[in-house]
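Now for the letters of each chain:
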Amino acid sequence: MRLALILALAAPLAPAVAQETPPPTLDQLLTTAAAVHRSVMTLSNGCFSGPAYDRLIAEGRAAQFFLLGEEHGIAEGPKLAAALFRALQPAGYQHFVIEVSPQMATLLDARLHKGGLAGLSALYAEPGGEPAFFGMREEAHMLADVRGAVPGARPVLWGVDYEVLGDRQLIKALAAMPKPAAARAALAALAAASDAAWARHRRSGEISGIFSFGGDPQLVRAVREAWPGRDAQASAILKTLEETLEINALFLARQGWQSNARRAELIRGNFIQHWQAATGRGPAPKVMAKMGASHLLRGRSTTEVFDLGTLLPEVAALNGGHSFSLLVVPGEGALTAVSDPATLTYNSAPAKDGYARDLGPLMAAAASSGFTLIDLRPLRATRGLGRPTTNPGLLRTIMGYDMMLILTGSTPSAQFSANAQSPPAPACPR
């Protein structure tokens with residue numbers, strides 16, 4: 001017993017096992033990489049400045065298409081879009097894609113070209129004259145700034161979407177066209193159904209009272225069938241009306257994917273028509289697009305369809321160029337404007353985790369002050385990105401957008417006033 005104890009005491013001590021530092025997680029790697037590839041932008045007296053803003057200008061000048069995907073309702077989003085378009089217009093940017101129908105975009109463009117914000121106010125005072133989103137003050141001012149940046153009468157605004165609120169304006173345009181008696185009767189029935197629906201909406205405030213969400217597409221088809229000799233403009237208006245009613249009917253029937261797929265097909269087709277017309281007149285123009293973030297994501301969108309964000313990079317490549325895409329999201333302490341479907345007005349609310357809800361590792365890299373621009377392209381080679389356990393929303397964003405702008409402390413868009421005066425564009429140094 002004594003010998004065993006002596007031998008035990010004499011034995012050399014085993015070396016202490018070092019505590020191994022656990023390897024960084026994928027989220028930690030992404031946050032670190034995002035911080036390395038970030039730059040900052042400031043907004044002061046209506047002017048954007050800083051390394052991040054300069055970087056966006058440089059990227060825009062080199063690209064065929066500049067895609068700005070956003071969370072709606074942030075005041076600084078349209079302000080940035082207008083500033084970028086003004087700065088990039090001398091580099092060849094001639095058109096601006098927005099989330100309304102082709103017909104409504106043409107109407108907005110004409111009123112802005114003729115009367116600026118006053119022309120827009122007059123249009124908004126008409127039944128159905130105010131399209132979705134653009135009843136926000138900053139959005140309306142953006143349209144005026146963009147239209148004013150391009151000289152000449154040729155339309156600058158390209159609408160590519162369906163038409164949620166403007167059915168009365170489209171029906172009014174059809175009514176002004178010569179047509180056979182049968183078509184006049186069918187159109188009168190369509191107009192009466194639209195008026196009745198909007199009257200119900202005024203009484204109840206329910207979304208189903210908005211004609212585009214409760215109207216019968218057969219009423220539109222009846223007009224088409226009774227009007228065989230119509231021109232291309234009438235056909236295009238009827239297509240917008242019918243597609244809008246069909247898309248929203250699928251949505252209300254809880255067939256969400258079918259609704260989104262049909263809408264994406266319409267958006268792509270409308271853009272192609274604009275593009276073919278423009279390139280048929282001369283050299284391919286540079287184009288900026290500003291839409292909801294999912295529409296401009298490259299690859300499969302958040303609604304599991306292939307939208308404009310997939311089409312435009314390929315169109316640019318066919319033209320020997322490339323596209324550049326920017327995701328704009330609210331940051332810490334941000335407020336946003338939300339629509340009240342009963343009154344069709346906009347109210348302020350804290351920004352929720354919308355598109356950015358899966359982007360925690362990127363949001364964590366935001367600078368302590370200013371707006372933070374993160375170049376997502378270097379992050380695509382991060383070790384572990386793309387494995388089955390990867391956050392799919394995070395992966396989708398890093399692969400589908402080139403850069404991301406975090407608007408820390410951003411403010412909500414306000415309601416556009418009919419008495420609004422267009423402030424002069426700030427004289428920002430460039």
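Scroll up to find the structure this text is about.
Everything numeric in this text was worked out from a predicted model, so none of it was measured. (Residues numbered from 1 in each chain as written. Predicted model: local features only at pLDDT ≥ 70, side-chain atom pairs only at ≥ 80, totals over all residues. Heavy atoms only, no water.)

Enquirer: Which residues make up the state of the cysteines, and what values do they have?
Expert: For the coordinates displayed, the defined rule picks out one disulfide. The partner cysteine of Cys-47 in its disulfide is Cys-428, sulfur to sulfur 2.1 Å. Because the sign of the S-S torsion sets the handedness, a value of about -90° for the bond joining Cys-47 and Cys-428 places this disulfide among the left-handed ones. Of this pair, Cys-47 sits in strand 2 (residues 47–49) while Cys-428 sits in the segment after strand 11 (403–407); the two residues are 381 residues apart in sequence, bridging distant segments of the chain. Cys-428 sits in the partly exposed class, given a relative accessible area of 27%. (Disulfide = S-S within 2.5 Å. Helix = DSSP H or I, 4+ residues; strand = E, 2+ residues; numbered from the N terminus. Buried < 20%, exposed > 50% of the residue type's maximum accessible area, 1.4 Å probe, protein only.)

Enquirer: Report on the pattern of salt bridges, specifying residues and quantitative values.
Expert: Applying the stated criterion to the full structure yields 21 salt bridges. Between Asp-375 and Arg-55 there is a salt bridge, and its shortest N-O distance comes to 2.9 Å. Here the residue Asp-375 occupies a position in strand 10 (residues 371–375), and Arg-55 occupies one in helix 3 (residues 51–62), the gap between them amounting to 320 residues. Judged by its relative accessible area of 35%, Arg-55 falls in the partly exposed class. (Salt bridge = Lys/Arg side-chain N within 4 Å of Asp/Glu carboxyl O.)

Enquirer: Got a sec to walk through the nonpolar core? Specific residues and values, please.
Expert: Residues Leu-108 and Leu-326 are the most contacted members of the largest nonpolar core, which totals 50 residues. Within the second largest apolar cluster, 39 residues are counted, among which are Val-160, Ala-289, Ala-316 and Leu-379. (Core = buried A, V, L, I, M, F, W, Y, C linked by side-chain atoms within 4.5 Å.)

Enquirer: I'd like to hear about the environment of Leu-405, residue by residue, with values.
Expert: With respect to the element layout, Leu-405 can be found in strand 11. Put simply, Leu-405 and Met-41 are 364 residues apart on the chain and 9.2 Å apart in space, counted from C-alpha to C-alpha. In this structure, Leu-405 is in contact with Met-41, Leu-80, Leu-326, Leu-327, Val-328, Val-329, Phe-371, Thr-372 and Leu-373, ignoring residues within four places of it in sequence. (Contact = heavy atoms within 4.5 Å.)

Enquirer: Got a sec to walk through unusual backbone geometry? Specific residues and values, please.
Expert: Peptide bonds are, in most cases, trans, and in most cases residues other than glycine have a negative phi. The backbone of Phe-133 shows a phi angle near 80°, a positive value even though the residue is not glycine. Mapped onto the elements of the fold, Phe-133 is located in the loop between helix 5 (102–124) and helix 6 (137–149). One non-glycine residue, Leu-344, lies in positive phi territory at about 55°. Position of Leu-344 relative to the elements: it lies in the loop between strand 8 (335–340) and strand 9 (345–350).

Enquirer: Could you give me a rundown of the layout of surface pockets, with the residues and numbers involved?
Expert: Here the second largest pocket is characterised by a volume of approximately 590 Å³. Lining the second largest pocket are 25 residues, and of these Pro-102, Gln-103, Thr-106, Pro-155 and His-274 sit closest to its centre. Those elements that place two or more of their residues in the lining of the second largest pocket are helix 5, strand 5 (157–159), helix 7 (167–175), helix 11 (232–252) and helix 12 (256–281). The dominant element in the lining of the second largest pocket, judged by the number of residues it contributes, is helix 12, at seven residues. Classifying every residue of the lining of the second largest pocket gives 13 nonpolar, nine polar and three charged. (1 Å grid on protein atoms, 1.4 Å probe; cavity = no way out; pocket = protein on both sides within 12 Å on 5 of 7 lines; lining within 4 Å. Points joined across faces, edges and corners; volume = space filled by probe spheres on them. Nonpolar A, V, L, I, M, F, W, Y, C, P; charged D, E, K, R; others polar.)

Read these as geometric descriptors, not functional statements.
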